[in-house]
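# Results of the structural survey
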Amino acid sequence: MKSIGLALLNLAVLAFCPTSSLAQIYPVGYIINSNFTAGYNLVCNPLNTASNFLSFLFYDPPDGTTISLWNSATRSFDPSSVYMAGAGWSLDFRLDPGRGALLYTPFAYTNTFIGVLLKPDGSPFTVDDIDAPLKRPPVFGGPTGVYLLACKTAVVLGPGSLPVFDFILGRPPQEGEQFTWLDASSQTYQTTTFKSGLWNNRDPFLRYGSSAFFYIYASPSLRIVASDRAVILYWPASAPDFVLETSSILVSNAVWTPLTNGVVTNGDSFVLTNEPSAGQSFYRLRHQ
């Protein structure tokens, strides 16, 4: 089977349409084997199926295996679903491609996923896409927060391959954003932070079938209202870790000066009323 994009690893064709002339054009299924370490694992569903419920995806795990979904609103895990032999899963919830989960298993085991391959944007992968480079998904539009995410395509992301943030969030990382992964061998979490254009621990890496925590900053909108007597700037109060800066020129090496004096909170916005200058002025919000 030809490689897809840069690399689709451990992927095998499961079934084809019955007509031999169509078989080479319309593959209908794939198999992916994911190995889980005894203990905790950050996992995902690497293939889309007609039923992305636990009872179909994880059909014979060790007795006592649990799976938990992350709730980005509460920044905690929802109640776990527990697998009991002979009874199945206590909560049969969905795990669609792109969403991460925390799996605990008392014994190491291999789970076989069977389904349809998706592209990073969630659309079905076709034979026409085999030799085409993978495209980034739409830019993530969620609010600032912590998310447990995975790539919707079964590819390895990281150094020497496709960049993690680009193919999960649809954009490069922003200043201060973080990537947290679980080292299953040591059962410890590690975090790397994007500062001044570099990752302070290591570049993010994510194998297929795995997920990770993303601490994402949603870029706040800066709005300006100008009059003859004042320039009023305001941005969301939900972005307290952004500072307003100004510059008289807009070039790559421009000097940006913070504007902190006079910033007040008005309802759900930070507001600064500034006197208009004789020359031109540019403004931006920068994450601290």
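Residues numbered from 1 in each chain as written. Predicted model: local features only at pLDDT ≥ 70, side-chain atom pairs only at ≥ 80, totals over all residues. Heavy atoms only, no water.

### Overview of empty space enclosed by the protein
Selection criterion: Using protein atoms alone on a 1 Å grid, points that fit a 1.4 Å probe yet trap it form a cavity, whereas open point sets bounded by protein on both sides within 12 Å along at least five of seven lines form a pocket; residues with an atom within 4 Å of a point count as lining. Grid points are joined across faces, edges and corners, and a volume is the space filled by probe spheres set on the points. Side-chain classes are defined by residue name, with Ala, Val, Leu, Ile, Met, Phe, Trp, Tyr, Cys and Pro counting as nonpolar, Asp, Glu, Lys and Arg as charged, and the others, Gly among them, as polar.
The tally for this structure, following the rule as stated, stands at one cavity of 30 Å³ or more. For the largest cavity, the calculated volume is near 50 Å³. Taken together, 13 residues line the largest cavity, and the ones lying closest to its centre are Cys151, Thr153, Arg207, Tyr208 and Gly209. Of the residues assigned to the lining of the largest cavity, the class counts are nine nonpolar, three polar and one charged.

### Focus on the sheet that holds strand E17 (residues 242-247)
Applied cut-off: Each pair of strands is called paired provided DSSP finds at least two bridges between the two strands. Helix and strand assignments come from DSSP, with helices taken as H or I runs of at least 4 residues and strands as E runs of at least 2, each series counted from the N terminus.
Pairing is antiparallel across the open sheet formed by three strands, whose spatial order is E18-E17-E21. Unpaired on one side and paired on the other, strand E18 (257-258) and strand E21 (282-287) mark the two borders of the sheet. Sheet topology note: the E17/E21 ladder contains six bridges and is antiparallel. Counterpart to Glu245 in the pairing with E21 is Arg284.

### Some points on the packing of aromatic side chains
Put simply, the rule is: Between rings of Phe, Tyr and Trp, where Trp is taken as its six-membered ring, a pair exists when centres lie within 6.5 Å; planes separated by under 30 degrees are stacked, by over 60 edge-to-face, and by other angles tilted. Categorising residues by exposure relies on relative accessible area from a 1.4 Å probe, with only protein chains included: less than 20% of the type maximum marks a residue as buried, more than 50% marks it as exposed, and the intermediate range marks it as partly exposed. In our convention, an over-ring charge means Lys NZ or Arg CZ found within 6 Å of a ring centre and within 35 degrees of that ring's normal.
In the structure shown here, the tally under the stated rule is 19 aromatic pairs. An angle of 75° between the planes, with centres 6.4 Å apart, marks the rings of Phe58 and Trp89 as edge-to-face. Placement of Phe58 in the loop between helix H2 (54-57) and strand E4 (66-71) and of Trp89 in strand E7 (residues 88-89) is noted, with a sequence separation of 31 residues between them. Each member of the pair, Phe58 as well as Trp89, is classed as buried. Within the aromatic cluster, the residues linked to one another by ring pairs are Phe36, Phe58, Tyr83, Trp89, Tyr109 and Phe113. Stacked on the ring of Trp181, the Lys or Arg Arg202 has its end atom at 4.0 Å from the ring centre.

### Brief notes about the pattern of salt bridges
The criterion, for reference: Whenever Lys or Arg places a side-chain nitrogen within 4 Å of a carboxyl oxygen from Asp or Glu, that contact is recorded as a salt bridge.
Applying the stated rule across the entire model yields seven salt bridges. For Lys195, the salt bridge identified is with Glu175, shortest N-O distance 4.0 Å. Here the residue Lys195 occupies a position in strand E12 (residues 188-195), and Glu175 occupies one in the loop between helix H3 (164-168) and strand E11 (178-183), the gap between them amounting to 20 residues. Residue class for Lys195 comes out partly exposed when judged on its relative accessible area of 38%. Residue Glu175 is classed as partly exposed on the basis of its relative accessible area, which comes to 27%. Where salt bridges share partners, they join Glu245, Arg284 and Arg286 into one cluster.

### Some points on unusual backbone geometry
As a rule of thumb, non-glycine residues mostly have phi less than zero, and peptide bonds are mostly trans rather than cis. With phi around 55°, Gln187 is a residue other than glycine that occupies positive phi space. By the secondary structure assignment, Gln187 is in the loop between E11 and E12. Even without glycine at this site, Ser196 takes up a positive phi of about 55°. Relative to the helices and strands, Ser196 resides in the loop between E12 and strand E13 (198-199).

### Details of the nonpolar core
Counted only if it meets this: Nonpolar cores were defined as sets of buried Ala, Val, Leu, Ile, Met, Phe, Trp, Tyr and Cys residues, with membership established by side-chain atoms within 4.5 Å. Residue contacts are counted whenever heavy atoms from the two residues lie within 4.5 Å of one another.
With 44 residues, the main nonpolar core has Phe58, Ile67, Leu157, Ile168, Phe179 and Phe214 as its most contacted residues. A total of four residues in this core trace back to one element, the largest contributor, which is H3. Ignoring any residue separated from it by four or fewer positions in sequence, one finds Phe214 in contact with Gly145, Val146, Tyr147, Leu149, Val164, Phe165, Ile168, Leu169, Gln178 and Phe179. Core analysis: the next-biggest nonpolar cluster, separate from the first, contains twelve residues, Val231, Leu233, Phe242 and Leu259 among them.

### Brief notes about the side chain of Ser68
For the record, the criterion: Contacts described as polar in this section are N or O atom pairs within 3.5 Å, which, within protein, must combine one atom able to donate a hydrogen with one able to accept it, while residues neighboring in sequence count only if both atoms come from side chains.
With respect to the secondary-structure elements, Ser68 resides in strand E4. Within the local environment of Ser68, its side chain forms a polar contact with the side chain of Ser80, the two groups lying 2.4 Å apart.

### Considerations on the sheet that holds E13
The strand order across the open sheet formed by five strands is E10-E14-E11-E12-E13, and the pairing between neighbours is antiparallel. At either margin of the open sheet sits one strand with a lone partner, and together these are strand E10 (145-149) and E13. With five bridges connecting them, E10 and strand E14 (residues 212-216) associate as antiparallel partners. In the sheet register, Val146 faces E14, and the bridge partner there is Tyr215.

### Quick notes on the pairing of E10
Most of E10 is tucked away, with five of its five residues classed as buried. Residues of E10 alternate between two faces, with Gly145, Tyr147 and Leu149 on one and Val146 and Leu148 on the opposite face, all of them buried.

### What about the confidence of the model for the protein?
Quick reminder of the rule: Confidence of the predictor in every single residue is expressed as pLDDT, which spans 0 to 100.
Averaged over every residue, the pLDDT of the protein is 85; residues scoring 70 or more account for 90%. Predicted confidence is poor over residues 1-28, with pLDDT under 50, and the contacts of this stretch with residues over four places away or in other chains come to 59 contacts.

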